[in-house]
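Structural overview for review
Here is what each chain is made of, one letter per residue.
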Amino acid sequence: MSKKSTVLTLVGSLRAESTNQKLAEAIQLNAPEQVDVVIHESLGNIPFYNEDIDVEGQVPAAAAALRAAANDADTILLVTPEHNGTVPASLKNAIDWLSRPFGAGALSGKPTAVVGTAFGQFGGVWAQDEARKAVGIAGAQVLEDVKLAVPGSMVRFAELHPKDDAEVVEQIKGVFDALAVAQPAA
């Protein structure tokens, strides 16, 4: 019997009714049986990255938990809204923590995909592109072919959860098809 694959999912929005949180939930609900999607819950509790506090034995608990979760995952999935044309500070901060120590951080060689939804007509593609750039520089193996950008989120999901949107569910299946063939970089 093959081992279940773990996808650590980091949601860039901290808002309680976030459409990106709902998208992450839809992804979790539509995961194939052999995939365990874990949504990390504490990005808002992680202090801003500061090398002065990134000292062995003194790393803040929330940052240490994030690193441990990323180390344990087979794949990382970032689900991001777009804030002023780029990634939210909470997600960028998580990437910063996961990038250290440089060259050996939790993202190093880890297959990583970026998806999301946003209010605008392009579904947050600028933020997704910025997130791909940041995790690539941080050492992740960026899965450029994994795409899911849902536009008009505030209207589209005002009365409908993404898990109940047939088009979104079909796109989620495509995300898992691409993740299934991803292998960690050697």
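Residues numbered from 1 in each chain as written. Predicted model: local features only at pLDDT ≥ 70, side-chain atom pairs only at ≥ 80, totals over all residues. Heavy atoms only, no water.

1. Examining the overall build of the protein chain
What counts, and what does not: Elements are defined by DSSP. Helices are runs of H or I of four residues or more, strands are runs of E of two residues or more, and each kind is numbered from the N terminus. Put simply, the radius of gyration uses C-alpha atoms, and a globule should come to 2.2 Å times the residue count raised to 0.38. Exposure is judged per residue with a 1.4 Å probe applied to protein chains only, and the accessible area is read against the type maximum: over 50% gives exposed, under 20% gives buried, and values in between give partly exposed. Note on contacts: a residue pair qualifies if any of its non-hydrogen atoms lie within 4.5 Å across the two residues. Each accessible area is a Shrake-Rupley estimate made with a 1.4 Å probe; only the visible protein chains count as cover when residues are assessed. The sign given to each residue is positive for Lys and Arg and negative for Asp and Glu; His and the chain ends receive no count. Taken as the charge location is NZ of Lys, CZ of Arg, CG of Asp or CD of Glu.
Summing up its helical and strand segments, the protein chain has six helices and six strands in all. Each helix (α) and strand (β) of the protein chain, taken in turn from the N terminus, gives the series β-α-β-α-β-α-β-α-β-β-α-α. Rg of the C-alpha trace for the protein chain: 16 Å, near the compact-globule value of 16 Å for 186 residues, within the 12% margin. When the backbone C-alpha atoms are referred to their principal axes, the protein chain occupies close to 45 × 45 × 25 Å. Residues counted as buried form 47% of the 186 residues belonging to the protein chain. In the protein chain, the share of contacts with a sequence separation of at least 24, taken over all contacts with a separation of at least 6, comes to 79%. Of the roughly 9,400 Å² that the protein chain leaves accessible, carbon and sulfur atoms contribute 53%. With 14 positive and 23 negative side-chain charges, the protein chain shows a separation of 1 Å between the mean positions of the two kinds.

2. Thoughts on the UniProt feature "domain: NADPH-dependent FMN reductase-like" (unreviewed entry) in the protein chain
Selection criterion: UniProt positions are given in the numbering used here, feature names are shortened, and annotations may be inferred rather than shown by experiment.
Per the UniProt record, "domain: NADPH-dependent FMN reductase-like" (unreviewed entry) is annotated on residues 6-151. In the segment residues 6-151, helix accounts for 32% and strand for 19%; the C-alpha atoms at its two ends are 27 Å apart.

3. Let's talk about the side chain of arginine 132
Within the element layout of this structure, arginine 132 appears in helix 4 (residues 125-137). Contact partners of arginine 132, with chain neighbours within four places excluded, come to Val114, Val142, Glu144, Val146 and Lys147.

4. Here's the deal with the side chain of threonine 80
For threonine 80, the position within the fold is in the loop between strand 3 (75-79) and helix 3 (89-98). When residues no more than four places from it in sequence are discounted, the contact partners of threonine 80 are Asn20, Val87, Pro88, Leu91, Val114, Val115, Gly116, Thr117, Ala127 and Gln128.

5. Describing the pairing of strand 3
Put simply, the rule is: If DSSP finds at least two bridges between two strands, the strands pair. Think of it like this: strands point away, you trace from the first strand over the helix to the second, and a clockwise trace means the crossover is right-handed.
Across the five residues that make up strand 3, a large majority, five, are buried. Side-chain alternation along strand 3 places Thr75, Leu77 and Val79 on one buried face and Ile76 and Leu78 on a second face that is also buried. Two elements, strand 1 (residues 5-11) and strand 3, share five bridges in a ladder whose sense is parallel. Residue pairing across strands places leucine 8 opposite isoleucine 76, the latter belonging to strand 3. Here strand 3 pairs with strand 4 (residues 111-117) via four bridges, running parallel. Residue pairing in the sheet places leucine 78 in a bridge with valine 114 of strand 4. Taken together, strand 3, helix 3 and strand 4 form a β-α-β motif whose crossover is right-handed.

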